[in-house]
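Okay, here's what each chain looks like letter by letter:
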Amino acid sequence: MSTPVTGAWPPAPLHTRRLVLRASEARDRPAFIELFASPEVRAHLGGAHPRDELERTVPAVPGRRPGVFVVETGGAMIGTVSVERRDPARPGRGHDGAAELGYTFLPGAWGHGYAAEACRAVIDWFTAARPGEPLVLCTQTANARSLRLARRLAFTEVERFEEFGAEQWFGVLSPARDTPPD
């Protein structure tokens with residue numbers, strides 16, 4: 001289980017050219033349910049959850065915990081970006097308990113550069129709040145979109161391993177992050 005990155009949370013909302021990254025609110029519940037019920041979103045995350053189960057179990061204000069940013073554009077939630085402590089029991093050579101970047105976006109938001117824009121904003125916030133602290137990312141090697149984003153964000157592969165029945169790609173944020181704007 002992931003634990004929060006300590007520090008003041010939630011920070012003031014982060015703003016990018018097109019996005020607002022903020023704490024979760026009750027109005028985000030339908031989008032959270034869609035994220036967890038979507039076969040496309042959950043293809044590399046253990047599969048979709050039954051919608052009726054989610055309707056019963058998702059809290060009134062889902063995702064309201066340190067480290068989770070709701071990503072919105074035009075007043076609507078399109079995904080989440082998180083920074084949470086990696087479980088020390090998980091593989092990831094030399095990075096037990098490191099801060100780990102995670103992201104999920106609704107399929108309608110794919111292909112517009114929103115994930116890169118949101119992740120860059122969170123990376124900038126994290127590196128300013130926790131200077132010198134490593135940031136890691138793990139994704140299935142079969143998830144081509146996520147791998148492209150990880151490399152675009154300047155994560156460098158340090159290890160591959162088998163976990164959750166699939167090969168995983170594990171990377172660390174490279175110190176020099178001269179990534180082109182979207």
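The coordinates are above.
Residues numbered from 1 in each chain as written. Predicted model: local features only at pLDDT ≥ 70, side-chain atom pairs only at ≥ 80, totals over all residues. Heavy atoms only, no water.

**Considerations on the overall build of the chain**
Operational definition: Where helices and strands are cited, they refer to DSSP runs of H or I of at least four residues and of E of at least two residues respectively, numbered from the N terminus. Accessible area is worked out with a 1.4 Å probe on protein chains only. A residue is then buried under 20% of its type maximum, exposed over 50%, and partly exposed in between. In what follows, a contact means two residues having at least one pair of non-hydrogen atoms within 4.5 Å.
The helix and strand tally for the chain stands at 4 helices and 9 strands. Here the chain holds 182 residues, and the buried ones make up 47% of them. Pairs at least 24 apart in sequence give 63% of the contacts found in the chain among residues at least 6 apart.

**Focus: the pattern of salt bridges**
The criterion, for reference: Any Lys or Arg side-chain nitrogen located within 4 Å of an Asp or Glu carboxyl oxygen qualifies as a salt bridge.
Across all of its chains, the model carries 14 salt bridges by this definition. For Glu72, the salt bridge goes to Arg27, with nearest N and O atoms at 3.0 Å. Placement of Glu72 in strand E4 (residues 68-73) and of Arg27 in the loop between strand E3 (20-22) and helix H1 (29-37) is noted, with a sequence separation of 45 residues between them. You can call Arg27 partly exposed: its relative accessible area is 46%. Notably, a salt bridge pairs Arg29 with Glu55, separated by 3.4 Å at the nearest N-O pair.

**Examining the nonpolar core**
Selection criterion: Definition of nonpolar core: a set of buried residues of the types Ala, Val, Leu, Ile, Met, Phe, Trp, Tyr and Cys, connected through side-chain atoms within 4.5 Å.
Counting 32 residues, the largest nonpolar core has Leu101 and Phe155 as the members making the most contacts within it. Taken together, the elements giving at least two residues each to this core come down to E4, strand E5 (76-85), strand E6 (99-105), helix H3 (114-129), strand E7 (135-140), helix H4 (144-152) and strand E9 (166-173). At 9 residues, the largest contribution of residues to this core is made by H3. In contact with Leu101, other than residues within four places in its own chain, are Val81, Ser82, Val83, Cys119, Val122, Ile123, Leu135, Val136, Leu137, Leu153 and Phe155. If you look at the next biggest cluster of nonpolar residues, it comprises 7 residues, including Ala31, Phe32, Leu35 and Met77.

**Details of the environment of Leu106**
Position of Leu106 among the secondary structure elements: in the loop between E6 and H3. The sequence separation of Leu106 and Met77 amounts to 29 residues, and the corresponding C-alpha distance is 8.8 Å. If we skip the residues at most four places from it in the chain, Leu106 touches Ala31, Glu34, Leu35, Val41, Met77 and Ile78.

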